[in-house]
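Examination of the molecular architecture
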Amino acid sequence: MKYQIMISIMMLLLQKRRLTARQIAEKYDISTRSVYRYIEELDVSGVPVTVTRGRYGGIAIADTFRLPTGFLTREEYAATVNALSAMSSQVNDRDVISALEKLQLQQKNERRDVSVCGNVIVDGGTWGGGKKFSEKMRVCETAVNEKKCLLIDYISRDGEHSKRVIDPHVLIFKQNVWYVYAFCHSKQTFRTFKIGRIKSATFTGGSFVKREFTRDEIDLNFYYPAESLKEVTFEILKSSLADAEEWLGIDNIEPRGDAFIARMTLPETGLVNKILSYGGAVKVLEPPELKQRVAEAARQIAEQT
């Protein structure tokens, strides 16, 4: 019975997304202490269930969470279906029956997920992320379009872990990275959050009125100051031409003998690492100081291997 109740609570949260401990306790005729014990076991099992107090309080499961492919083995899936079937026959609970139907439907339709954000298709499954990134994109886009507040679990670049309520205003795609620009309730100002660093996101049930902002207020460098730009000349091997064209643009590359030459102005930030990522197929011709920095970085890598 314990397993049946725990699984039923998980499926109920997947459907309702947010409930109070008292609501769950009354539904299954158990104590609130037992509810928190079941929630703790679900969290240990990898289900992102959070318990919060205050205005947006309650027991919630992240809106970015879906049962991933392979979450249950064939045997575990059969046991789960049997447990929910037994539960529904005993209590004739519409929510349990609905959860059972959804679980059976997902098992039939599991596939690598591709989300459609307005006119943009985002494939979040290419690099092993399964549905996770696509679900975060879907939730963030919904929050932007429908002006819905989100409670996010965020991990900063420095490893700082925080939970905060945000009002997502716009999605940003820059240098192959997705961001959401949002008003942060705890900081009372706008912040830019990297979507890949959002561990989970849950709709709070609240809504917001969009605030006015300009592109210059967004804390991403859409324009680089002149002092941070370098005029560079590269020699590119034919084997890496396609990748270099996508990086530098086909208009900036011209053939020269068996190789190709690119002349342009680029920001210095991350430039050495980008050149090294081509494994010698992009050679720096000018300026000499950049050539020296690339050579020094390559020597350090060689010494560490």
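One structure accompanies this document, and this report is about it. Keep in mind the model is a prediction, meaning the values are calculated, not measured.

Here the focus is the sheet that holds strand β6 (residues 148-155). Here five strands make up an open sheet; going across it, the order is β9-β8-β7-β6-β10 and the pairing antiparallel. Edge positions in the sheet fall to β9 (189-194) and β10 (198-207), since each of these pairs with one other strand and no more. Mean inter-strand twist for the sheet, computed between neighbouring axes without regard to direction, equals 45 degrees. Relative to β9, strand β8 (residues 177-184) is paired through six bridges, and the arrangement is antiparallel. Of the residues in β9, the one forming a bridge with Y181 is T192. Helix-sheet contacts for helix α6 (residues 132-146) involve β6, β7 (161-174), β8 and β10, and the interaxial angle to β7 is about 85 degrees.

As a further point, take the nonpolar core. I9, L13, V35, I39, L42, V49 and I59 are the most contacted members of the largest nonpolar core, which has 25 residues in total. Secondary-structure elements contributing two or more residues to this core are α1 (2-16), α2 (21-28), α3 (32-44) and β3 (58-61). Ignoring any residue separated from it by four or fewer positions in sequence, one finds V49 in contact with L13, I39, L42, D43, I59, A60 and I61. The next biggest cluster of nonpolar side chains, apart from the first, holds 21 residues, and it includes F234, A262, V272 and V284.

We now examine α3. Its 13 residues place the ends of α3 19 Å apart at the C-alpha level, agreeing with the 18 Å of an ideal helix rising 1.5 Å per residue. Of all the residues in α3, the buried ones are S34, V35, Y38, I39 and L42. The buried residues of α3 occupy an angular sector of 140 degrees when projected down its axis, which confines them to one face. Turned more than 90 degrees away from the buried face of α3, the exposed residues are R33, E40 and V44. Count one or two residues on from α3 and you reach G46, which has phi positive near 100 degrees.

What follows covers the packing of α2 against α3. Put simply, α2 and α3 touch, their axes get as near as 9 Å, and they point 105 degrees apart. By the criterion of interaxial angle, the relationship of α2 to α3 is roughly perpendicular. From α2, A21, R22, I24 and A25 reach across to α3, where they touch T32, V35 and Y36. Residues of the contact of α2 with α3, tallied by class, amount to five nonpolar, one polar and one charged.

So, on to unusual backbone geometry. Omega for the peptide link from E286 to P287 comes to 0 degrees, which places this bond in the cis form. Residue placement: P287 occurs in the loop between β14 (282-286) and α9 (288-304). Positioned with a positive phi, K147 is a non-glycine residue whose angle comes to about 55 degrees. For K147, the position within the fold is in the loop between α6 and β6. A positive phi angle, close to 55 degrees, is found at Q188, a residue other than glycine.

How each quantity is defined
- Along each chain, residues carry numbers from 1 onward, in the same order as the chain's sequence is written.
- Side-chain atom pairs in this predicted model are given and counted only at pLDDT of 80 or more, local residue features only at pLDDT of at least 70, and totals for whole chains, interfaces and linings cover all residues.
- Note: side-chain values were computed over all heavy atoms of the structure, leaving out hydrogens and water.
- For two strands to be treated as a pair, DSSP must find at least two bridges joining them.
- The numbering of helices and of strands both runs from the N terminus, where a helix is a DSSP run of H or I of at least 4 residues and a strand a run of E of at least 2.
- Here an axis means a line fitted to C-alpha atoms, over the contact stretch when the element is a helix, while the angle between two N-to-C directions is reported on a 0 to 180 degree scale.
- Any two residues whose heavy atoms approach within 4.5 Å are treated as being in contact.
- Note on terminology: a nonpolar core comprises buried Ala, Val, Leu, Ile, Met, Phe, Trp, Tyr and Cys residues joined through side-chain atoms within 4.5 Å.
- When accessible area is computed with a 1.4 Å probe and restricted to protein chains, residues below 20% of their type maximum are described as buried, those above 50% as exposed, and intermediate ones as partly exposed.
- Expected helix span is taken as 1.5 Å per residue step, with the number of steps being one fewer than the number of residues.
- In this description, one arc is meant: the one made by directions from the helix axis to the C-beta atoms.
- The labels follow the angle: roughly parallel below 35 degrees, roughly antiparallel above 145, roughly perpendicular from 65 to 115, and oblique for the rest.
- Each residue is assigned to one class: nonpolar for Ala, Val, Leu, Ile, Met, Phe, Trp, Tyr, Cys and Pro, charged for Asp, Glu, Lys and Arg, and polar for all the others, Gly among them.

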